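# Summary of structural features
The lines below spell out each chain.
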Amino acid sequence: MPIEIKQLSHTYLPGSQLAYPALCDISLTIEDGEFLGIIGHTGSGKSTLIQHLNGLLLPTDGSVLVDGLDTREKKLRKRIRSLVGMVFQYPEYQLFEETVARDVAFGPKNMGLDEAEIKVRVNEALVLVGLDPAEFSEKSPFELSGGEKRRAALAGILAMRPKYLVLDEPMAGLDPRGRREILALIESLRRDFGTGIVMVSHSMDDVAMFADRIAVLDKGALFMVDKPETVFSHSAELIDMGLNLPQATQLVRALRMRGIAMEHDYFRMEELAQDLIGRWHHDR
Amino acid sequence: MTPNALIEIVNVGFQYAGAEKIALKNISLSIQKGEVVAIVGHNGSGKSTLCKMLNALLIPSEGTVTIENMDTREEKNLLEIRRRVGMVFQNPDNQLVTTIVEEDVGFGPENLGVPPAEIRTRVDAALKEVEMSEYAEKASHALSGGQKQRVAIAGLLAMQPEVLVLDEATAMLDPRGREEVLSTVRKLNRERGMTVVMITQFMEEALDADRVFVLAEGHLVMEGTPKEVFNERALLEASRLEAPAFVKLRDELLTAGLPISHEAMTCEALADELSRVLHA
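Just so we're clear, the structure is a prediction, and the values are computed from it rather than from any experiment.

## A closer look at the overall build of chain A
On a plain count of helices and strands, chain A comes out with 12 helices and 10 strands. The buried share of chain A, reckoned over its 284 residues, is 48%. Within chain A, counting contacts between residues at least 6 apart in sequence, those at least 24 apart form 63% of the total.

Here it is in structure tokens:
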């Protein structure tokens, strides 16, 4: 079953002078096993939207149903939170335990699982994120490098085996290889376990790489939700919103401005490269 | 010693107290007045440690760091070094200290004991430089990330520094915020000859620099122009980095036989080359 967002509106501090409408009439269904990218500039409502997906925020109007469970129902919230894993920006700032294993165990423990099951989950999650349990379990989270800390924090969420994983800027601040590793990990969760992925990112290239669909938020409204090729064919509108384009799409635009007829709005560099190479051979 | 170097780093080593690993090992480099340099490196490579040496937030365990011939180890130099070397950090929310934009910009010169009338002049000029004049009386918490970083830069300008050090100052910003900060810094360099040291995880940002330094595991593994550095694809990969996307595309096209220039590294340069080749 999917996550259904129905006519969702959210106003901060409603009824006060500071009332601020952050989301307005959003309807969107996140399908099972889908990889949904969310883009939008600062203040467009991305963070407000994703905090509705596990009931951290509740709709001012409309509803959010996770596998049919309404987030407004207080007694369902624990179940909803075990279905939807939430990874905030810079999640490593939330590491707090004395050892990596205990930190990763925190979520499963709160779910009320028994010791043996917790141990299985912790090991499984550490292996998934590429931290060898034998080496890392007993280390202090604060001895780890930046990239390792990020992965340990992610393991803490994966140990709850969420059906959906919601990530806010999961690659921010990582080096290029670290970015690729995290992105590959997220994609493998979807491929191997059918985990539904909702990823917020400022990097259009990262979103374009794996997303099945992209939701574009602008000033609290859903501007569009569609396949990457359709979204990035609206380049002028995206630029107006303060977003940028995947680098391949930028080059397509630059070529068109120089009078070269480019048929497709490529968003992946490999596909653009093949087109250009083919075109050059053809011209000869 | 290099003549006229603004920043001179000689055989610097550093180890954090209680840490097993050495954070920096035998680093020597110098930065000239008016230069834009980028320092890139993987997470944990020592970039931020090196950066904190530039205004004596950290003192080297070995070797020396001098700013206009002032040694960072000498206590008496500290105030003057910190005035000359302005730092912008990653998190826009951690750098503004007061609630109103212009008060924040005036905070530095006030601490330096600058007379009030002069502070007013400096604050107005600094906000103008970063194009934030109209926000002078606004609440700083309500600004966007890019605006906050520009106010942070204005606060440094008001102290009339010689060099701006940006420690991943764009990492937490959206594309528009990043561009605001980068264009502000480029303008300060172009129009005022401001020396800029940029530490970044975005290889594209390093393309604008005069020189790029690459750190890996605490060692300086490469230095050169962006062109020299980003052509060393294998060495970059070994340092957990990669060339900018357009450099990689250019190389792929060159390998396929397209007669484009080896110099093209940006979207615009590559588009120029391709329009020449594909029209012909």
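## Let's talk about the interface of chain B and chain A
Listed by partner, the interface residues are 32 residues for chain B and 32 residues for chain A. When residues of the side of chain B that touches chain A are traced back to their parent elements, those giving at least two are α6 (175–192), α10 (245–255) and α11 (267–279) of chain B. In terms of residue count, the dominant contributor to the side of chain B that touches chain A is α11 of chain B (8 residues).

## Describing the packing of helix α3 (residues 100–110) of chain A against helix α4 (residues 115–128) of chain A
For any two helices packed against each other, one specifies the inter-axial angle together with the distance between the axes. All names here are of chain A. In contact at an axis separation of 9 Å, α3 and α4 are set at 120 degrees when each is read in the N-to-C sense. Considered as vectors, α3 and α4 are oriented oblique to each other. Judged by the sense of rotation from one axis to the other, the crossing of α3 with α4 is right-handed. Taking contact as the criterion, the partners of A101, V104, A105, P108 and K109 in α3 are, on α4, I118, R121, V122, A125 and L126. Grouping the amino acids of the contact of α3 with α4 by side-chain chemistry returns 8 nonpolar, no polar and 2 charged.

## Re the sheet that holds strand β8 (residues 195–199) of chain B
Residues and elements named next belong to chain B. The 6 strands are arranged β6-β7-β8-β3-β9-β10 in an open sheet whose pairing can be described as mixed. Edge positions in the sheet fall to β6 (85–88) and β10 (219–224), since each has one partner strand and no second. Averaged over all neighbouring strand pairs, the angle between strand axes comes to 20 degrees, with direction disregarded. Summarising the sheet, strand β3 (residues 36–41) and β8 pair through 4 bridges and their orientation is parallel. Bridging from a neighbouring strand, A38 pairs with M198 of β8. Along the sheet, helix α5 (residues 145–157) contacts β6 and β7 (163–167); its crossing angle with β6, the most-contacted strand, is approximately 165 degrees.

## Some thoughts on the nonpolar core
In this structure, V104, A155 and V198 of chain A together with A154 and L164 of chain B are the most contacted members of the largest nonpolar core, which totals 166 residues. Split by domain, this core shows at least three residues from each of two domains, domain 1 (5–243) and domain 2 (244–280) of chain B. Excluding residues within four positions of it along the chain, V198 of chain A makes contact with I30, L36, I38, I50, L53, Y164 and V166 of chain A.

## Topic: the domain arrangement of chain B
Residue and element names in this part refer to chain B. By the assigned domains, chain B splits into domain 1 (5–243) and domain 2 (244–280). Computed from C-alpha atoms alone, the centre-to-centre distance between domain 1 and domain 2 is 32 Å. In this assembly, 7 residues from domain 1 lie in contact with 6 residues from domain 2. Broken down by secondary-structure element, the contributors of at least two residues to the side of domain 1 that touches domain 2 are α7 (203–206) and α8 (226–230).

Parameters and conventions
- Residues numbered from 1 in each chain as written.
- Chains lettered and ligands numbered in written order.
- Predicted model: local features only at pLDDT ≥ 70, side-chain atom pairs only at ≥ 80, totals over all residues.
- Helix = DSSP H or I, 4+ residues; strand = E, 2+ residues; numbered from the N terminus.
- Buried ≥ 20, exposed ≤ 12 C-beta atoms within 10 Å, placed from the backbone.
- Contact = placed C-beta atoms within 7 Å.
- Axes fitted to C-alpha atoms, helices over the stretch in contact; angles between N-to-C directions.
- Parallel < 35°, antiparallel > 145°, perpendicular 65-115°, else oblique.
- Left-handed = near helix turned anticlockwise from the far one by under 90°.
- Nonpolar A, V, L, I, M, F, W, Y, C, P; charged D, E, K, R; others polar.
- Pairing = 2+ DSSP bridges.
- Core = buried A, V, L, I, M, F, W, Y, C linked by C-beta atoms within 7 Å.
- Domains from an automatic or database assignment.

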